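Examining the three-dimensional arrangement
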Amino acid sequence: MIKPADIQAKEFSRAVRGYREEEVNQFLDEITVDLDRLLNQLRETREENSRMAEELERLRGTEGTIVETLEAAKSLMADIADSSEKRADILLKNAELDAELMRKSAREEAETISRESKSMKERYIKFRNQYKALLESELDRFESLSGEMPEFGVDDFDDLPDKKEKEPQPPVSSDATVRNIKL
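Read on for an overview of the structure.

Cut-off values and rules
Residues numbered from 1 in each chain as written. Predicted model: local features only at pLDDT ≥ 70, side-chain atom pairs only at ≥ 80, totals over all residues. Heavy atoms only, no water. Helix = DSSP H or I, 4+ residues; strand = E, 2+ residues; numbered from the N terminus. Buried < 20%, exposed > 50% of the residue type's maximum accessible area, 1.4 Å probe, protein only. Contact = heavy atoms within 4.5 Å. Areas by Shrake-Rupley, 256 points an atom, 1.4 Å probe, with all protein chains shown as cover. Patch = residues over 30% accessible without salt bridge, like charges linked within 9 Å, V, L, I, M, F, W, Y side chains within 5 Å. Salt bridge = Lys/Arg side-chain N within 4 Å of Asp/Glu carboxyl O. Lys, Arg positive; Asp, Glu negative; His and termini not counted. Charge placed at Lys NZ, Arg CZ, Asp CG, Glu CD. Phe/Tyr/Trp six-rings, centres within 6.5 Å; stacked < 30°, edge-to-face > 60°.

This brings us to the overall build of the protein chain. When you go through the protein chain residue by residue, the secondary structure sums to 3 helices and 0 strands. For the protein chain, the α and β elements follow one another from N to C terminus as α-α-α. In the protein chain, which comprises 183 residues, the share counted as buried stands at 3%. A separation threshold of at least 6 residues defines the contact pool for the protein chain, and within that pool the share at least 24 residues apart is 77%. Of the accessible surface of the protein chain, which amounts to about 17700 Å², a share of 56% is contributed by carbon and sulfur atoms.

This is the structure in C-alpha coordinates:
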(Lines give C-alpha, C1' and ligand atoms only; values in the text may rest on other atoms or scores of the structure.)
Protein backbone atom coordinates (compact mmCIF):
# COMPACT_ATOMS: atom_id res chain seq x y z
CA MET A 1 0.00 0.00 0.00
CA ILE A 2 1.26 3.47 -0.86
CA LYS A 3 1.78 5.79 2.05
CA PRO A 4 1.59 9.58 1.96
CA ALA A 5 5.30 9.73 2.67
CA ASP A 6 5.93 7.56 -0.42
CA ILE A 7 4.02 10.04 -2.54
CA GLN A 8 6.00 12.96 -1.14
CA ALA A 9 9.29 11.19 -1.57
CA LYS A 10 8.61 10.11 -5.13
CA GLU A 11 10.96 11.70 -7.67
CA PHE A 12 10.14 11.60 -11.34
CA SER A 13 12.72 11.60 -14.10
CA ARG A 14 12.89 14.65 -16.29
CA ALA A 15 12.01 14.69 -19.89
CA VAL A 16 12.11 17.37 -22.57
CA ARG A 17 8.47 18.00 -22.86
CA GLY A 18 7.25 16.97 -19.38
CA TYR A 19 4.63 18.39 -17.02
CA ARG A 20 5.17 21.45 -15.04
CA GLU A 21 6.81 20.45 -11.84
CA GLU A 22 4.86 22.88 -9.63
CA GLU A 23 1.47 21.59 -10.79
CA VAL A 24 2.56 17.98 -10.32
CA ASN A 25 3.90 18.75 -6.82
CA GLN A 26 0.73 20.63 -5.88
CA PHE A 27 -1.43 17.74 -7.13
CA LEU A 28 0.77 15.22 -5.30
CA ASP A 29 0.38 17.34 -2.11
CA GLU A 30 -3.42 17.23 -2.48
CA ILE A 31 -3.31 13.47 -3.05
CA THR A 32 -1.04 13.11 -0.02
CA VAL A 33 -3.43 15.07 2.19
CA ASP A 34 -6.46 13.09 0.94
CA LEU A 35 -4.63 9.77 1.27
CA ASP A 36 -3.49 10.72 4.78
CA ARG A 37 -7.07 11.64 5.72
CA LEU A 38 -8.40 8.38 4.21
CA LEU A 39 -5.77 6.32 6.02
CA ASN A 40 -6.69 8.02 9.33
CA GLN A 41 -10.36 7.28 8.68
CA LEU A 42 -9.47 3.68 7.82
CA ARG A 43 -7.45 3.33 11.05
CA GLU A 44 -10.30 4.86 13.12
CA THR A 45 -12.83 2.63 11.36
CA ARG A 46 -10.71 -0.44 12.08
CA GLU A 47 -10.36 0.59 15.75
CA GLU A 48 -14.10 1.19 15.97
CA ASN A 49 -14.71 -2.13 14.22
CA SER A 50 -12.43 -3.83 16.73
CA ARG A 51 -14.24 -2.16 19.67
CA MET A 52 -17.58 -3.15 18.18
CA ALA A 53 -16.41 -6.74 17.69
CA GLU A 54 -15.34 -6.83 21.35
CA GLU A 55 -18.68 -5.28 22.42
CA LEU A 56 -20.51 -7.80 20.24
CA GLU A 57 -18.66 -10.68 21.91
CA ARG A 58 -19.38 -9.21 25.31
CA LEU A 59 -23.06 -8.79 24.40
CA ARG A 60 -23.20 -12.32 23.04
CA GLY A 61 -21.84 -13.54 26.36
CA THR A 62 -24.36 -11.34 28.15
CA GLU A 63 -27.09 -12.57 25.83
CA GLY A 64 -26.29 -16.14 26.84
CA THR A 65 -26.40 -15.14 30.49
CA ILE A 66 -29.69 -13.28 29.96
CA VAL A 67 -31.20 -16.26 28.14
CA GLU A 68 -30.04 -18.57 30.93
CA THR A 69 -31.43 -16.16 33.53
CA LEU A 70 -34.76 -15.97 31.71
CA GLU A 71 -34.95 -19.74 31.46
CA ALA A 72 -34.12 -20.05 35.17
CA ALA A 73 -36.76 -17.41 35.97
CA LYS A 74 -39.35 -19.28 33.86
CA SER A 75 -38.48 -22.51 35.62
CA LEU A 76 -38.63 -20.80 39.01
CA MET A 77 -42.00 -19.24 38.18
CA ALA A 78 -43.34 -22.63 37.10
CA ASP A 79 -42.05 -24.16 40.36
CA ILE A 80 -43.60 -21.33 42.38
CA ALA A 81 -46.91 -21.73 40.55
CA ASP A 82 -46.89 -25.49 41.16
CA SER A 83 -45.92 -24.96 44.79
CA SER A 84 -48.65 -22.33 45.22
CA GLU A 85 -51.25 -24.63 43.73
CA LYS A 86 -50.14 -27.48 45.98
CA ARG A 87 -50.16 -25.17 49.01
CA ALA A 88 -53.63 -23.91 48.09
CA ASP A 89 -54.85 -27.51 47.73
CA ILE A 90 -53.37 -28.40 51.12
CA LEU A 91 -54.90 -25.31 52.75
CA LEU A 92 -58.27 -26.11 51.18
CA LYS A 93 -58.13 -29.71 52.37
CA ASN A 94 -57.12 -28.57 55.86
CA ALA A 95 -60.01 -26.10 55.91
CA GLU A 96 -62.40 -28.84 54.79
CA LEU A 97 -61.08 -31.16 57.50
CA ASP A 98 -61.41 -28.40 60.12
CA ALA A 99 -64.96 -27.70 58.96
CA GLU A 100 -65.82 -31.40 59.12
CA LEU A 101 -64.36 -31.62 62.64
CA MET A 102 -66.36 -28.57 63.66
CA ARG A 103 -69.56 -30.07 62.20
CA LYS A 104 -68.86 -33.37 63.96
CA SER A 105 -68.18 -31.60 67.25
CA ALA A 106 -71.34 -29.50 66.87
CA ARG A 107 -73.38 -32.64 66.10
CA GLU A 108 -71.94 -34.41 69.15
CA GLU A 109 -72.63 -31.39 71.34
CA ALA A 110 -76.18 -31.13 70.00
CA GLU A 111 -76.72 -34.82 70.69
CA THR A 112 -75.33 -34.40 74.21
CA ILE A 113 -77.61 -31.43 74.84
CA SER A 114 -80.55 -33.37 73.42
CA ARG A 115 -79.78 -36.33 75.70
CA GLU A 116 -79.40 -34.02 78.71
CA SER A 117 -82.65 -32.28 77.84
CA LYS A 118 -84.46 -35.61 77.54
CA SER A 119 -82.95 -36.74 80.83
CA MET A 120 -84.02 -33.50 82.53
CA LYS A 121 -87.57 -33.92 81.18
CA GLU A 122 -87.67 -37.49 82.47
CA ARG A 123 -86.33 -36.39 85.86
CA TYR A 124 -88.90 -33.58 85.98
CA ILE A 125 -91.75 -35.96 85.17
CA LYS A 126 -90.46 -38.46 87.74
CA PHE A 127 -90.12 -35.70 90.37
CA ARG A 128 -93.58 -34.34 89.57
CA ASN A 129 -95.13 -37.80 89.82
CA GLN A 130 -93.32 -38.49 93.10
CA TYR A 131 -94.34 -35.11 94.50
CA LYS A 132 -97.92 -35.65 93.39
CA ALA A 133 -97.93 -39.10 94.98
CA LEU A 134 -96.47 -37.63 98.16
CA LEU A 135 -99.11 -34.91 98.27
CA GLU A 136 -101.88 -37.42 97.61
CA SER A 137 -100.59 -39.77 100.32
CA GLU A 138 -100.34 -36.86 102.76
CA LEU A 139 -103.85 -35.77 101.80
CA ASP A 140 -105.14 -39.30 102.37
CA ARG A 141 -103.35 -39.44 105.70
CA PHE A 142 -104.74 -36.03 106.65
CA GLU A 143 -108.23 -37.14 105.74
CA SER A 144 -107.85 -40.33 107.73
CA LEU A 145 -106.67 -38.30 110.72
CA SER A 146 -109.59 -35.89 110.49
CA GLY A 147 -111.95 -38.87 110.68
CA GLU A 148 -110.34 -40.01 113.93
CA MET A 149 -110.53 -36.61 115.61
CA PRO A 150 -113.21 -36.23 118.25
CA GLU A 151 -115.73 -33.57 117.65
CA PHE A 152 -115.92 -30.90 120.26
CA GLY A 153 -118.89 -28.70 120.85
CA VAL A 154 -118.93 -25.18 122.20
CA ASP A 155 -120.13 -26.46 125.54
CA ASP A 156 -117.09 -28.66 125.90
CA PHE A 157 -114.91 -25.61 126.29
CA ASP A 158 -116.98 -23.86 128.99
CA ASP A 159 -114.96 -25.23 131.83
CA LEU A 160 -111.64 -23.85 130.41
CA PRO A 161 -110.21 -20.79 132.13
CA ASP A 162 -111.05 -17.52 130.45
CA LYS A 163 -108.35 -15.97 128.41
CA LYS A 164 -108.81 -13.18 126.09
CA GLU A 165 -111.47 -14.26 123.78
CA LYS A 166 -110.44 -14.45 120.22
CA GLU A 167 -112.71 -14.13 117.30
CA PRO A 168 -113.36 -17.50 115.82
CA GLN A 169 -111.69 -18.13 112.48
CA PRO A 170 -113.63 -19.91 109.80
CA PRO A 171 -112.39 -23.47 109.34
CA VAL A 172 -110.09 -24.09 106.39
CA SER A 173 -110.92 -27.06 104.31
CA SER A 174 -107.61 -28.74 103.78
CA ASP A 175 -109.11 -31.05 101.19
CA ALA A 176 -110.08 -28.16 98.85
CA THR A 177 -106.78 -26.34 99.28
CA VAL A 178 -104.61 -29.32 98.54
CA ARG A 179 -106.64 -30.41 95.53
CA ASN A 180 -106.46 -26.93 93.95
CA ILE A 181 -102.67 -27.07 93.76
CA LYS A 182 -101.72 -27.66 90.12
CA LEU A 183 -98.61 -29.40 89.03
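Note that threonine 32 resides in helix H2 (residues 21-148). The residues touching threonine 32, leaving out its near neighbours within four places in the chain, are Pro4, Ile7 and Gln8.

There is a patch of like negative charges on the surface, built from Asp79, Asp82, Glu85 and Asp89. Structurally, aspartate 82 can be placed in helix H2.

On inspection of all chains with the given rule, the structure shows 8 salt bridges. One salt-bridge network, in which partners are shared between bridges, spans Glu100, Arg103 and Arg107.

Quick look at a nonpolar patch on the surface now. On the surface, Leu76, Met77 and Ile80 cluster together to form a nonpolar patch covering roughly 300 Å² of accessible area. Topologically, methionine 77 is positioned in helix H2. For methionine 77, a relative accessible area of 54% gives the class exposed.

Evaluated as defined, the whole model comprises 1 aromatic pair. A centroid spacing of 6.0 Å and a plane angle of 15° characterise the contact between phenylalanine 127 and tyrosine 131, whose relative ring orientation is stacked. Of this pair, phenylalanine 127 and tyrosine 131 are both found in helix H2, 4 residues apart, which corresponds to roughly one turn of the helix. Take tyrosine 131: its relative accessible area is 37%, and that puts it in the partly exposed class.

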